[in-house]
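Here are the chains, one letter per residue:
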Amino acid sequence: MQRDLSRLLRPRHLAVVGGGAWCRSVIAQAERFGFEGALWPVHPKADAIAGHPAFPSVEALPEGPDAAFIGVNRQATPDIAQGLARRGGGGAVCFASGFSEAQAEDAEGAGLQARLVAAAGAMPVLGPNCYGFINALDGALIWPDQHGCKRVERGVAILAQSSNIAINLTMQRRALPIGYVVTCGNMAQTSQAEIARALLDDPRVTALGLHVEGFGDLRQWEDLARAARGRNVPVVVLKVGTSEEARVATVSHTASLAGSDAGAQALLDRLGFARVADLPAFLETLKLLHVTGPLAARGIASISCSGGEASLAADMAQEVGLPFPPVSDAQKQVLRDTLGPMVALANPLDYHTYIWRDTERMARAWGAMTGPEIGLTMSIVDYPHTDPTDWACATEAAIRARQETGAPFAVVASLPELMPEGTAEALMAKGVAPLCGLREALAAASAAGKPTTDEREPLLLPHRLEPGAVLSEVEAKNRLASADVDVPISQVAKSPEEAVTAAAKIGGPVALKGLGLAHKSEAGAVRLGLGPHEIAEAARKMPVPDTLVEEMIEGGVAELLVGVTCDPAHGFVLTLGAGGVLTELLQDSVSLLIPATRQDIANALDRLRCSLLLNGYRGRPAADRAAVLDAVEALQHWVIAHADEICEVEINPLICTPERAVAADALIRLTQEETKR
């Protein structure tokens, strides 16, 4: 159910329940911000609070308030919420802490949270343990502390799980127009995805920034992604924290590669949300998206009057995978006419200082560094704090280049403090993105690409991770074979003599494996390429009595890991990576969420470093890509059909040859419930 938060976030009147310092601060902040609606303090004993007549109870209010701040202790909070709901309130911010976020031994906190949710009913509640919100578009807020927001006509919306992080973000001096700041608290009732979905209903919101600790209901996040795509509002996420649950009792290599962060990244990729690693990049990405919207191409161009800055841009861009398209002949013609013969024409461009202060020629040269392969053109300018107006030529040239080309354009200060706020505001007013910090600017350009727009099948939802039994390799391969995964011909042997007989039936060189071990190579329980006269001796030296005699898969050009884990926070995670004995050494893997399309899987394979082997490295034969994709899809279909039964599945290695893709080893771990059946 999507709750209606419109009255709460865009209120006509505010009720403040309680008389303490925090409640008085809410009233003071509302007055200071220019809130034009009614302010109604509620206190059973006070005649007035902060200069406003007080009402003795919620029931005595003139009408149900659009928004209310519940500033009483945790024991009294549920009763106040119930009174507001009965009065027809539009929503409430619960300030008190000590609910379910309290220590586990505090059973009272969990009980109070359940009471609060029941008491509020359909009325939206932010928190508890929550500061509230700032609506800088309408001048309305419930905020019990300082903030740095100012009124704007349009801007980005920021939604944070941490109130302290939210305060700090409002204090930014980077000229980012912030339309909304909302804090979630511990989300007893209204989730972060629901709040974000409500913010999208305001057409003045240009981009959405989320500080996320955990995701919760994946269906709500899918709904948010659909709404964001439908409204063409880009979403940027700063994801923090990891989940220990995703690593509980794991036995496969897959689990060590696909920890909770890999699942989080796979979810964000699936939703089409950009991810950044820190707060400065978060702010700069939102700013860039506010000015330019999503960038149409990944290539960038850099302009500076210093070879040192050009080199820095090239090095830093490589770290985030941003390419510099070469300068075209048409661009060279304009640049040569403008800059003269003394300048080497390249991207990044060091244009020296021959045309400095010649605004017209600067604009012409800078405009020439735009083009269809370039998503963003950046002019690196560090304004001197002694007299930034002395470099007004750079500001004017950037504005002219933007106006004359219509292409996304940014002025970047390599040091964040060398972008004056006034200059940034002047640039932004003319459609130029003022970016603070070269590293942050490149991170923003990397994150601001166009998100995926295709509709996907709903995610395969996770179950509670209760690991059960690990199937034997023989049983695991039998199950995969029933799902049309190619497995080697094999036979179980309980003695060296049976191993010799089995090898003769299979024919050719064989592989011999000890059964009942999770990591056979480390235990010395794998022998490969054995001839008829080597089988018996190899079987006698095995660390376990029972062995598996298998067809030897020859002609492999690459070995892959293909695995699935059930991540309780993000769903079923499909991991592709370098396989065999090098899996954990190389740490070469990509994770997707199930279901993934065949094209998703193909794209993920291309992102692996070992994809060079699949494609035929230095004249070697290429793997049968169709067979590899068939194997991965077959595993995925089997997982979907048996989702309630499994915790982990791994094929390692999947031996890829020019004709086949064969599951040479397999592991399946069941859920506890399936184990008991």
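The tally for this structure, following the rule as stated, stands at 0 disulfides. Take Cys305: it sits in no disulfide, and the sulfur closest to it among the cysteines is that of Cys393, at 9.3 Å. Residue Cys656 stays outside any disulfide, its sulfur separated by 8.4 Å from that of Cys610, the closest cysteine. Of the residues examined, Cys656 reaches a relative accessible area of 0% and is grouped as buried.

This brings us to unusual backbone geometry. Cis rather than trans, the peptide bond between Gly127 and Pro128 has omega equal to 5°. Following Ile594, the chain continues into Pro595 via a peptide bond in cis, with omega recorded as 5°. As for its placement among the helices and strands, Pro595 is situated in the loop between strand E27 (589-593) and helix H21 (598-607). Even without a glycine there, the phi angle at Ala175 is positive, about 70°. With respect to the helices and strands, Ala175 occurs in the loop between helix H5 (163-170) and strand E11 (178-183). Positive phi is not limited to glycine here, since His352 has a value of about 60°. Mapped onto the secondary structure, His352 falls in the loop between strand E16 (349-350) and helix H13 (359-368). Given a relative accessible area of 29%, His352 falls into the partly exposed group.

Looking now at a nonpolar patch on the surface. On the surface, a cluster of nonpolar side chains totalling about 250 Å² of accessible area is made up of Leu612, Leu613 and Tyr617. Within the fold, Leu612 resides in helix H22 (residues 611-614).

Turning our eyes to something else, we now look at the nonpolar core. By size, the foremost hydrophobic cluster in this structure holds 143 residues, and its most contacted members are Leu208, Leu210 and Trp366. The element that contributes the greatest number of residues to this core is helix H10 (residues 279-292), accounting for 7 residues. Among all residues touching Trp366, those that are not within four sequence positions of it are Ile303, Tyr351, Thr377, Ser379, Val381, Ala394, Ala397, Ala398, Ala401 and Phe409. By size, the runner-up hydrophobic cluster in this structure holds 48 residues, among which are Leu576, Ala623, Ala627 and Ile651.

With that out of the way, let us pick up the sheet that holds strand E24 (residues 547-551). Read from one edge of the open sheet, 4 strands run E21-E24-E22-E23, paired in antiparallel fashion. Pairing within the sheet leaves two strands with one partner each, and these edge strands are strand E21 (490-493) and strand E23 (526-530). In this sheet, neighbouring strand axes are inclined to one another by 20° on average, regardless of whether the strands run parallel or antiparallel. Relative to the sheet, helix H17 (residues 473-482) contacts E21, strand E22 (510-514) and E24, its axis offset from that of E24 by approximately 40°.

The subject of this paragraph is the packing of helix H12 (residues 329-339) against H13. With their axes 9 Å apart at the nearest point, H12 and H13 run at an angle of 160° to one another. Taken together, the axes of H12 and H13 are roughly antiparallel relative to one another. Considering how the two elements wind past one another, H12 and H13 form a crossing that is left-handed. On the side of H12, the interface is formed by Gln331, Val334, Leu335, Thr338 and Leu339, while H13 contributes Arg361, Arg364, Ala365 and Ala368. Looking at side-chain class alone, the contact of H12 with H13 contains 5 nonpolar, 2 polar and 2 charged residues.

Within the element layout of this structure, Gln172 appears in the loop between H5 and E11. Judged by relative accessible area, which is 14%, Gln172 ranks as buried. A polar side-chain atom of Gln172 sits 2.9 Å from the main-chain carbonyl oxygen of Leu176. Residues in contact with Gln172, not counting those within four places in the same chain, are Ile178 and Leu283.

So, how was this worked out
Residues numbered from 1 in each chain as written. Predicted model: local features only at pLDDT ≥ 70, side-chain atom pairs only at ≥ 80, totals over all residues. Heavy atoms only, no water. Disulfide = S-S within 2.5 Å. Buried < 20%, exposed > 50% of the residue type's maximum accessible area, 1.4 Å probe, protein only. Helix = DSSP H or I, 4+ residues; strand = E, 2+ residues; numbered from the N terminus. Patch = residues over 30% accessible without salt bridge, like charges linked within 9 Å, V, L, I, M, F, W, Y side chains within 5 Å. Areas by Shrake-Rupley, 256 points an atom, 1.4 Å probe, with all protein chains shown as cover. Salt bridge = Lys/Arg side-chain N within 4 Å of Asp/Glu carboxyl O. Core = buried A, V, L, I, M, F, W, Y, C linked by side-chain atoms within 4.5 Å. Contact = heavy atoms within 4.5 Å. Pairing = 2+ DSSP bridges. Axes fitted to C-alpha atoms, helices over the stretch in contact; angles between N-to-C directions. Parallel < 35°, antiparallel > 145°, perpendicular 65-115°, else oblique. Left-handed = near helix turned anticlockwise from the far one by under 90°. Nonpolar A, V, L, I, M, F, W, Y, C, P; charged D, E, K, R; others polar. Polar contact = N/O pair within 3.5 Å; in protein donor to acceptor, adjacent residues only side chain to side chain.

The values reported here are purely geometric and, on their own, carry no functional implication.
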